[in-house]
Amino acid sequence: MSSQEGSLLRHDWTRDQVLSLFNQPFNDLLFDAQVMHRQHFDPNQVQLSTLLSIKTGACPEDCKYCPQSARYDTGLEKEKLLQIEQVIEAAKIAKASGSSRFCMGAAWRSPHDRDIPAVAEMIREVKSLGLETCMTLGMLSEAQSDKLADAGLDYYNHNLDTSKEFYGEVITTRTYQDRLNTLANVRNSGMKVCAGGIVGMGEEQQDRAGLLMELANLPVHPESVPINMLVKVAGTPMADQANLDPFEFIRTIAVARLMMPKSYVRLSAGREDMNEQMQAMAFMAGANSIFYCDKLLTTPNPKANTDMQLLERLGIAPEEYQADKDSRQQEDDLHRAINEHKNDALFYRAS
Ligand code: SAM
Ligand code: DTB
Ligand code: SF4
């Protein structure tokens, strides 16, 4: 399959087609992915998103990878929903560190309706700082999704996590269809969709292909596709999972890039266990977003200055938030207009 066919934004992938992308020689796959990436994005820009856990631990779900499930003893300190001031403080730090999007995550199966006004306030306050907003709160009803959209939420993150076939090995307390329903609600409310999954959970390549097939065959590709490498947390059932071959991880990124050419593919959890070369290879394969700042939700992430140094060494610039870009553009246009017209008497009289 050539890269050109992929650029038509297909939604009819078969698993065999996806597997044949996966199993090309590594250099062919990386080359095709990089060519595709350059057709749709600046290859030297990466979008930065910062995470904050706004409600931590004591989750009733049984996701076997997750340190926040109440069913596993991971020693995590649980926390109630944060106060708005704490969220604003963290968002200001993220913005000052160079992040363009602030992602707030809650260890909920789904939010209670009574929680919505508080999270809506968080959305409004964070947005007013000039950051894009994202939330991941579990399953959403149509009405809840509409309320978050009304509050101005830009993105909602809800992962499919893995293939339909492997899903039952990972989670039993909600179905794959439940997840697809939430994604449909988010899309229908007009928000941007952030949906991806986790690799390195003991799944087979056909499951990684199945995950990407489900994502790409959605009626509209998710605007953002996080590819997480399992963070093995002591106390979870996946604590002793064998490592995934790093090249297979890079292949997963490259195939995601080929199948969803216009989506941001995020090199997500697991970077603490990746060396610089592996991260650089992920960018080469078409990853153009990362989680940035020292913490994911509950586990460590590379330090902000370590990431900035790496990006600089690679000649990669953090992508600016469009709203910032727009307001800067307006300022530039205004200055240009003033300069162009400074000898124009009419211009001066009018101003
Ligand atoms: N509770 C909500 C939910 O599950 O939709 C939102 C928060 S949940 C922590 C968000 C996502 O984080 C999960 O869907 C999963 O993909 C990812 N995640 C959680 N624990 C992880 C781990 N140990 N390694 C990699 N990704 C993980
Ligand atoms: C996503 O795909 N990965 C992020 C975000 N969406 C919410 C979460 C990663 C969590 C890693 C484990 C932790 O820190 O608790
Ligand atoms: Fe709960 Fe989300 Fe963790 Fe699953 S992934 S246990 S739903 S916090």
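Model, not experiment: these values are computed from the prediction.

Definitions and limits used
Residues numbered from 1 in each chain as written. Chains lettered and ligands numbered in written order. Predicted model: local features only at pLDDT ≥ 70, side-chain atom pairs only at ≥ 80, totals over all residues. Heavy atoms only, no water. Buried < 20%, exposed > 50% of the residue type's maximum accessible area, 1.4 Å probe, protein only. Helix = DSSP H or I, 4+ residues; strand = E, 2+ residues; numbered from the N terminus. Phe/Tyr/Trp six-rings, centres within 6.5 Å; stacked < 30°, edge-to-face > 60°. Lys NZ or Arg CZ within 6 Å of the ring centre and 35° of its normal. Core = buried A, V, L, I, M, F, W, Y, C linked by side-chain atoms within 4.5 Å. Contact = heavy atoms within 4.5 Å.

### Notes on unusual backbone geometry
A positive phi angle, near 60°, is found at A58, a position not held by glycine. Take A58: its relative accessible area is 42%, and that puts it in the partly exposed class. At C293, a position not held by glycine, the phi torsion is positive, near 100°. When you line up the elements, C293 lands in the loop between β9 (289-291) and α12 (304-313). When its relative accessible area of 12% is taken as the criterion, C293 is described as buried.

### Quick word on the packing of aromatic side chains
Under the counting rule described, the total for this entry stands at three aromatic pairs. Ring centres of F41 and Y264 lie 4.9 Å apart, and the angle between their planes is 70°; this geometry places the pair in the edge-to-face category. Pair noted here: F41 is in the loop between α3 (26-40) and β1 (45-55) and Y264 is in strand β8 (residues 264-267), with a separation of 223 residues, a long-range link. A relative accessible area of 14% places F41 in the buried class. Lying across the ring of W13, R10 places its NZ or CZ 4.0 Å from the centre. One Lys or Arg, R266, reaches over the ring of F291 and ends 4.7 Å from the middle of that ring.

### Some details on the nonpolar core
If you look at the biggest cluster of nonpolar residues, it comprises 93 residues, and the most contacted ones within it are I54, Y65, M135, L148 and F249. In terms of residue count, the dominant contributor to this core is helix α10 (residues 246-259) (eight residues). Sequence-distant contacts of M135, defined by excluding residues within four places in its chain, comprise I54, M104, V119, M122, I123, L153, Y155, Y156 and N157. Counting residues in each nonpolar core, the second largest holds eight residues, with L51, Y155, C194 and L296 among its members.

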